[in-house]
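Structural characterization, general
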Amino acid sequence: PSWVEFLRALVKARVNIIVSGGTGVGKTTFLNLLMAEIPQNERIVTIEDTIELHLTNPNLVRMEMLGQSSQVGAGLKMRDLVKNTLRMRPDRIILGEVRGEEFFELLQAMNTGHDGSMTSIHANSSAECVQRMETLFLMTGLDVPNQVVRKQISTAVDFIIQLGRNREGERSVQHIGEITGMESNTIQMQMLGNHEDGKLKPSGMTPSHW
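Calculation rules
Residues numbered from 1 in each chain as written. Predicted model: local features only at pLDDT ≥ 70, side-chain atom pairs only at ≥ 80, totals over all residues. Heavy atoms only, no water. Axes fitted to C-alpha atoms, helices over the stretch in contact; angles between N-to-C directions. Helix = DSSP H or I, 4+ residues; strand = E, 2+ residues; numbered from the N terminus. Parallel < 35°, antiparallel > 145°, perpendicular 65-115°, else oblique. Left-handed = near helix turned anticlockwise from the far one by under 90°. Contact = heavy atoms within 4.5 Å. Nonpolar A, V, L, I, M, F, W, Y, C, P; charged D, E, K, R; others polar. Core = buried A, V, L, I, M, F, W, Y, C linked by side-chain atoms within 4.5 Å. Buried < 20%, exposed > 50% of the residue type's maximum accessible area, 1.4 Å probe, protein only. Phe/Tyr/Trp six-rings, centres within 6.5 Å; stacked < 30°, edge-to-face > 60°.

Details of the packing of helix H3 (residues 78-85) against helix H4 (residues 102-110)
- Two numbers describe how H3 lies on H4: the axes approach to 8 Å, and their chain directions differ by 20°. With respect to H4, the axis of H3 lies roughly parallel. Taken as a pair, H3 and H4 cross one another with a handedness that is left-handed. Contacts between H3 and H4 involve Met78, Arg79, Val82 and Lys83 from the first element and Glu102, Phe104, Glu105 and Leu106 from the second.
- Considered class by class, the residues forming the contact of H3 with H4 number four nonpolar, no polar and four charged.

Quick word on the nonpolar core
- Core analysis: the biggest nonpolar cluster contains 31 residues, and Ile47, Phe103, Ile121, Met133 and Val157 have the highest contact counts within it.
- At the level of elements, strand E2 (44-48), H3, strand E4 (92-95), H4, helix H5 (126-138) and helix H6 (146-156) are the ones that each hand at least two residues to this core.
- Here this core takes six residues from H4, the largest share from any one element.
- Ignoring sequence-local partners within four residues, the contact set of Met133 consists of Ile18, Phe103, Ile121, Ile153, Val157, Ile160 and Ile179.

Examining the packing of aromatic side chains
- Under the counting rule described, the total for this entry stands at three aromatic pairs.
- Judged by centre distance (5.7 Å) and plane angle (90°), the rings of Trp3 and Phe6 are edge-to-face. On the criterion of helical spacing, the pair formed by Trp3 and Phe6 is a turn pair, its members being three residues apart in helix H1 (residues 2-12). The pair Trp3 / Phe6 is uniform in exposure class, with both members buried.

Written out as C-alpha cells, the structure reads:
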C-alpha cells in the first residue's frame, strides 16, 4: 500500500515517467493504472498505434495511427502526431509506447511545460532503458553530440519504473529509479525501490524531486 501511495504522489506531482519492461510484462496495463490517478480537470492527449489505453477523463483526446494502406493519413508518422499534439494545449501527453524518432518530440514536450507526461519503452532493465532512450533520440538523424542527447534526457525524464516477470509468470515492479541529473557525461540515477524476496523494498534513498 505504501508504494501505491508513492506512485499516486508521483502522478499528482506531475513528474515525467517512463514505464520500462520486456514483452508481455504489462507496460500498457501499468500505464492505465497510472493514468487513472490523473485529476479529471486535466486535458490529456493519448497517442497510440492501436487503442489500448483506457481512460474516462472528460478532457481526453485520443489519437491513433492509421495503417499505411489507409487512404486517409497514409504515410503519417507517429512523430507527426506528437508534433500536432503540441498545438492542442494538452496538460499531459501519453504515448502508448515509443519505438522511434517520435521520442525526440516527446522529450521537447517534456522539457517545455508538458509536465506529467508518460510513455513506455521496451527494455529489460533501467540501465538498458536509458541506453534505449539515447538510441531513439539519435533515430531522428540529427547530428547531436552524445552529451547533449544525455542532457536532454536527464532534464526531461524524472522516473523510470521497471517492470518484470518471474519464472512463474508473475508480473511485478522490479525497480523504481529516479534520474537525478548529469555527472561528467553520464546520466545519474538513484534506485528508490528494488524487488527482493518477493516484494518491492525501499532503498533508503530520498527522492530529489521532493
